[in-house]
Amino acid sequence: MNKVARVVYLDESDTLIVAEEGSDMRHIGRVAICRGYLPGSRETVSFLSGAGQEAGCVAAARDYVFTGGWKERGRVFVNRLTDGAAVGVFEPGPTVGGIENTGWIDILTGTSAFQRQDGEYLVFVEEDYRAKVLLYRWKP
């Protein structure tokens, strides 16, 4: 990596997630995942966000990495931590007016993620176009 843009560390699984800087400091490029970091592992898997060149933020919880982008209008892309494979995309639904009534994820820490005890994931997305925060609930 040339420049590190974002870092997420999952203590419970000793997993380090590092996103390199993309076209500028607001964007991220390749996301690298290193499991077993503290004992010295440096083997990584990596992926590019589904947001492409517009990717800007990264969050992780338990088994998944969540990325969002500047012009993605509330979309969040999901990748597996084990191999970096794309799993799917969360999109704003009719409850919040759909994609056309959703703004950009335009801050560096625009997403956060958490896994509940029942296995459900909660992914929060900053979205202030119409003064709201999006919440995606997902149970794989």
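Just so we're clear, the structure is a prediction, and the values are computed from it rather than from any experiment. (Residues numbered from 1 in each chain as written. Predicted model: local features only at pLDDT ≥ 70, side-chain atom pairs only at ≥ 80, totals over all residues. Heavy atoms only, no water.)

Caption draft 1: The sheet that holds strand S11 (residues 132–138), seen in detail. Pairing in this open sheet of three strands is antiparallel, and the strands run S9-S10-S11 from one edge to the other. Looking at the sheet topology across the chains shown, the edges are occupied by strand S9 (111–115) and S11. When the angles between neighbouring strand axes are averaged without regard to direction, this sheet yields 20 degrees. Looking at chain direction, S9 and strand S10 (residues 121–127) are connected through five bridges and run antiparallel. Paired with threonine 111 across the strands is valine 125, a residue of S10. (Pairing = 2+ DSSP bridges. Helix = DSSP H or I, 4+ residues; strand = E, 2+ residues; numbered from the N terminus. Axes fitted to C-alpha atoms, helices over the stretch in contact; angles between N-to-C directions.)

Caption draft 2: Highlighting the sheet that holds strand S5 (residues 55–61). Across the sheet, four strands lie side by side as S5-S6-S7-S8; this open sheet has antiparallel pairing. Of all strands in the sheet, those with a lone pairing partner are S5 and strand S8 (86–90), marking the two edges. Here the strands of the sheet are splayed against their neighbours by 25 degrees on average, with no regard to which way each runs. When strand S7 (residues 76–80) meets S8, the two strands line up antiparallel, connected through four bridges. Bridged to valine 78 within S8 is glycine 88.

Caption draft 3: How the structure looks around the side chain of threonine 102. Its location among the elements puts threonine 102 in the loop between S8 and S9. Among the polar contacts listed, one links the side chain of threonine 102 to the backbone oxygen of glycine 98, at a separation of 2.7 Å. If we skip the residues at most four places from it in the chain, threonine 102 touches Arg73, Gly74, Pro92, Val96, Glu127, Tyr129, Lys132 and Leu134. (Polar contact = N/O pair within 3.5 Å; in protein donor to acceptor, adjacent residues only side chain to side chain. Contact = heavy atoms within 4.5 Å.)

Caption draft 4: Summary view of the nonpolar core. If you look at the biggest cluster of nonpolar residues, it comprises 15 residues, and the most contacted ones within it are Ile17, Val58 and Val65. Mapped onto this core, the elements with two or more residues apiece are strand S1 (4–10), strand S2 (15–21), strand S3 (28–35) and S5. Residues in contact with isoleucine 17, not counting those within four places in the same chain, are Arg6, Val7, Val8, Leu10, Val31, Ala32, Ile33, Val58, Ala60, Val65 and Leu81. If you look at the next biggest cluster of nonpolar residues, it comprises 14 residues, including Phe66, Ile105, Val125 and Tyr136. (Core = buried A, V, L, I, M, F, W, Y, C linked by side-chain atoms within 4.5 Å. Buried < 20%, exposed > 50% of the residue type's maximum accessible area, 1.4 Å probe, protein only.)

Caption draft 5: Summary view of the pattern of salt bridges. Taken as a whole and judged by the stated rule, the model has seven salt bridges. For arginine 26, the salt bridge goes to aspartate 24, with nearest N and O atoms at 3.6 Å. With relative accessibility at 25%, the residue aspartate 24 sits in the partly exposed group. Three or more residues are tied together by salt bridges with common partners; here these are Glu72, Arg75 and Glu91. (Salt bridge = Lys/Arg side-chain N within 4 Å of Asp/Glu carboxyl O.)

These results come straight from atomic positions and should not be treated as a statement about function.
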